[in-house]
Amino acid sequence: MDVADLRVFEAVARHGSMNRAATELHTVQSNVTARIRSLEQAVGVPLFQRHVRGVSLTPAGRRMLPYATRIAKLMIEARTAALDEGLPSGPLSLGTLETTAALRLSPILSGFARTYPQVRLSLTTGTTCSLTTDVLECRLDGAFVAGPVNHADLHSETVFREELVLVTPRTITSVKQLASVPDLKTIVFRLGCSYRQRLDALLAEAGIVATTSLEFSSTDAILACVAAGVGITLLPKGIVSGIAQADAIAVHRLPPRKANVETLFIRRHDSYVSSAMIAFIEAARNSFGQVQAAA
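Let me sum up the structure you'll find in this document. Quick caveat, the model's predicted, so the values are computed rather than measured.

Here the focus is the side chain of Glu162. Position of Glu162 relative to the elements: it lies in strand β6 (residues 154-168). There is a polar contact of 3.2 Å between the side chain of Glu162 and the side chain of Arg104. When neighbours within four sequence positions are excluded, Glu162 is seen to be in contact with Leu103, Arg104, Pro236, Ala259, Asn260, Val261 and Thr263.

What follows is the structure, given as structure tokens:
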């Protein structure tokens, strides 16, 4: 087993295809296949199941993947550390909640790109659950997620606080009225979204049963469905203020213990903190500090 084999293994696992992994690694499929066979012989168990659509990880492969990903990340960090002098530069892979991207990040990203043009910044949106997993498994350098997040391998820092509000069609005038709505639907992000979990808990505490959860990947789609009378949702107040002022939806404030949520920036404790990451965190602190002061 060597580092090159683990890099090939990680690429095949991510793509689910020997051919696509070969394309990414700028080699031929036969070389990828040979390296995977060599790695499986060294480990002593099959790591992939072969099928007509490509390959999928075996249970052994799934257990091994986080270690291979971390080793690949360490290789990148080692090179970054060796070259990390002068102005911030190089790759920086970050994740964020959809709502944070829509409400908070645009001025930070544009200002950061102008100040540090040599940094290759990429941004991925996801749920708190998926983003936390991506940071833990070294697919992301850091991410903005909803708190609380407690994990021994993660460093977390509160960057701002949100007030969550219940968003309903205009015909709903109070939370209590939801109990009499037939076929109540929630309009939410996919499983793993902390706002979705809070909405489910809020309804359960009130003894209200939602018959269906409709999943969407954008706040615009969610709010459009609520405005059309399809169902209800739970989102940060800042996201819905504009559409609420247009009288397209009804916004219901909640008690502080249910409404208040912290947005955290998380990264691995053991990862190399590059000059690009230091510069981004400082830019975020400055920007979000101004937002907090104005709130």
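Next up on the list: the packing of aromatic side chains. One pass over the full model with this rule turns up eight aromatic pairs. For the pair Phe144 and Phe288, a centre-to-centre distance of 5.9 Å together with 85° between the ring planes defines the contact as edge-to-face. On the criterion of sequence distance, the pair formed by Phe144 in strand β5 (residues 142-146) and Phe288 in helix α11 (residues 275-294) is long-range, its members being 144 residues apart. In this structure, Phe144 and Phe288 share a single accessibility class: buried. Counting every residue linked through ring pairs, the aromatic cluster contains Phe112, Tyr116, Phe144, Phe160, Phe265, Phe280 and Phe288.

The next thing to look at is empty space enclosed by the protein. What the rule picks out here adds up to two cavities of 30 Å³ or more. In this structure, the largest cavity encloses a volume near 40 Å³. In this structure, the largest cavity is lined by Ile187, Val188, Phe189, Cys193, Tyr195, Arg196, Leu199, Ile222, Thr233, Leu234 and Leu235. Sorting the residues of the lining of the largest cavity by element identifies β7 (185-188), α7 (194-205) and β9 (233-236) as the ones contributing at least two each. Residues that form the lining of the largest cavity fall into these classes: nine nonpolar, one polar and one charged.

As a further point, take the layout of surface pockets. When its volume is computed, the largest pocket comes out at roughly 700 Å³. As for the largest pocket, its lining consists of 28 residues, and the residues nearest its centre are Ala72, Lys73, Ile76, Ser93 and Cys138. When contributions to the lining of the largest pocket are tallied by element, the ones reaching two or more residues are α1 (3-15), α4 (59-83), β3 (90-96) and β11 (260-268). For the lining of the largest pocket, the element with the highest residue contribution is α4, accounting for seven residues. For the lining of the largest pocket, a count of residues per class yields twelve nonpolar, six polar and ten charged.

Considering the arrangement of structural elements, one finds Ala152 in the loop between β5 and β6. Separated by 104 residues in sequence, Ala152 and Phe48 have C-alpha atoms that sit 30 Å apart.

Leu166, Leu178, Tyr195, Leu199, Leu235 and Val240 are the most contacted members of the largest nonpolar core, which totals 41 residues. Counting residues per element, this core draws most heavily on β6, at five residues. What Val240 contacts, discounting residues up to four positions off in sequence, is Val165, Val167, Leu223, Leu235, Ile249 and Val251. Judged by nonpolar contacts, the second largest core, of 20 residues, contains Ala11, Phe48, Leu65 and Ala68.

Moving on, we come to the pattern of salt bridges. Under the criterion given, the structure shown has 17 salt bridges. Among the ionic pairs, Asp5 bridges to Arg35, the shortest N-O distance being 2.6 Å. Here Asp5 is found in helix α1, whereas its partner Arg35 is found in helix α3 (residues 29-43), with 30 residues between them in sequence. Of the residues examined, Arg35 reaches a relative accessible area of 28% and is grouped as partly exposed. With its nearest N and O atoms 3.0 Å apart, the salt bridge here joins Glu40 to Arg50.

Note the cis peptide between Gly147 and Pro148, where omega equals 0°. Relative to the helices and strands, Pro148 is located in the loop between β5 and β6. Phi angles above zero are rare outside glycine, and His26 is one such case at about 60°. Looking at the element boundaries, His26 is found in the loop between α2 (18-24) and α3. A positive phi is found at Cys138, a non-glycine position, where the angle reads about 70°. Looking at the element boundaries, Cys138 is found in the loop between α6 (128-136) and β5. Looking at Cys138, the relative accessible area reads 14%, which means it is buried.

Reading the values: rules and limits
Residues numbered from 1 in each chain as written. Predicted model: local features only at pLDDT ≥ 70, side-chain atom pairs only at ≥ 80, totals over all residues. Heavy atoms only, no water. Helix = DSSP H or I, 4+ residues; strand = E, 2+ residues; numbered from the N terminus. Polar contact = N/O pair within 3.5 Å; in protein donor to acceptor, adjacent residues only side chain to side chain. Contact = heavy atoms within 4.5 Å. Phe/Tyr/Trp six-rings, centres within 6.5 Å; stacked < 30°, edge-to-face > 60°. Buried < 20%, exposed > 50% of the residue type's maximum accessible area, 1.4 Å probe, protein only. 1 Å grid on protein atoms, 1.4 Å probe; cavity = no way out; pocket = protein on both sides within 12 Å on 5 of 7 lines; lining within 4 Å. Points joined across faces, edges and corners; volume = space filled by probe spheres on them. Nonpolar A, V, L, I, M, F, W, Y, C, P; charged D, E, K, R; others polar. Core = buried A, V, L, I, M, F, W, Y, C linked by side-chain atoms within 4.5 Å. Salt bridge = Lys/Arg side-chain N within 4 Å of Asp/Glu carboxyl O.

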